[in-house]
Amino acid sequence: MAHPTNFAKLMEKFILNPALNGSYAEAIWRGFQLVEVHDKLLHNDNQLLLRLKIQPNFCNYQGTIHGGALCTILDCATTLAILKVDKHHRKNVSAELNYSFLSPATVNDNLLILSECYKVGKTMAFTKADLYIEDGLKLIGTGRHLKAMLAQKFDE
């Protein structure tokens, strides 16, 4: 298991990978801030807490964050949770993703994304994430993400 300081360096290396330049989710990846201490949300080493400010381009015509953006946030956050737990730092791809929309969030809200990889094996990883508005810790959504693990390391 990576020490938080070591994980912060690994996360930065992952997020600054040139392959993400111009990608659909680049603004989400580059907007993540690692939160290493949070008494109310962080309870074990398999968890990862990220902060992300909602940008106007994440929102729909009603001014609330788009459902597709929320699913992409879940995808990215759970991928990082796997990176934290998987000792081989392998690439992975989505096999199944589900998300339950509980409340809206709007432009400039800060989200806290609590993701957890609760099992990583040779071929599959099992993750979940809860998304909160930071102010008041209002739960806005929750989801699970099943990922197929590849043999290749993320930085190869």
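Provided above is the structure to which this section pertains.
Now for a look at the structure at hand. Predicted model only: the values in this text are computed from it and were never measured. (Residues numbered from 1 in each chain as written. Predicted model: local features only at pLDDT ≥ 70, side-chain atom pairs only at ≥ 80, totals over all residues. Heavy atoms only, no water.)

A word on the packing of aromatic side chains. In this description, an aromatic ring pair is defined by two values, namely the gap between the centres and the angle between the planes. Within the structure shown, the criterion is met by five aromatic pairs. Summarising the aromatic geometry, the rings of tyrosine 118 and phenylalanine 126 are spaced 6.5 Å apart at their centres and angled 40° between planes, so their arrangement reads as tilted. By relative accessible area, tyrosine 118 is classed as partly exposed at 40%. In this structure an aromatic cluster arises from ring pairing among Phe14, Trp29, Phe32 and Phe154. The ring of tyrosine 118 carries the charged tip of lysine 128 above its face, separated from the ring centre by 5.7 Å. (Phe/Tyr/Trp six-rings, centres within 6.5 Å; stacked < 30°, edge-to-face > 60°. Buried < 20%, exposed > 50% of the residue type's maximum accessible area, 1.4 Å probe, protein only. Lys NZ or Arg CZ within 6 Å of the ring centre and 35° of its normal.)

The next subject is the nonpolar core. One finds Phe32, Leu80, Leu111 and Ile113 to be the most contacted residues of the largest nonpolar core, which totals 40 residues. When residues of this core are traced back to their parent elements, those giving at least two are α1 (4-15), α2 (26-31), β2 (47-53), α3 (67-85), β4 (110-120), β5 (124-133) and β6 (138-153). If you tally residues by element for this core, the top one is α3, at eleven residues. With sequence-adjacent residues up to four places away left out, leucine 111 is seen in contact with Leu50, Arg51, Leu52, Ile54, Ile65, Ile73, Ala105, Leu131, Tyr132, Ile133, Glu134 and Ile140. (Core = buried A, V, L, I, M, F, W, Y, C linked by side-chain atoms within 4.5 Å. Helix = DSSP H or I, 4+ residues; strand = E, 2+ residues; numbered from the N terminus. Contact = heavy atoms within 4.5 Å.)

Attention shifts here to the pairing of β4. By the bridge criterion, seven bridges tie β2 to β4 in an arrangement that is antiparallel. For lysine 53, the partnering residue across the bridge sits in β4 and is asparagine 110. Pairing of β4 with β5, which is carried by nine bridges, proceeds in the antiparallel orientation. Looking at the pairing, lysine 119 lines up with phenylalanine 126 of β5. (Pairing = 2+ DSSP bridges.)

Attention now moves to the state of the cysteines. Disulfide: a covalent bond connecting the sulfur atoms of a pair of cysteines. Applying the stated criterion across every chain yields a total of zero disulfides. Lacking any disulfide linkage, cysteine 71 is separated from the closest cysteine sulfur, that of cysteine 76, by 11 Å. Residue classification places cysteine 71 among the partly exposed positions, given a relative accessible area of 23%. (Disulfide = S-S within 2.5 Å.)

So yeah, pure geometry; function would need other evidence.
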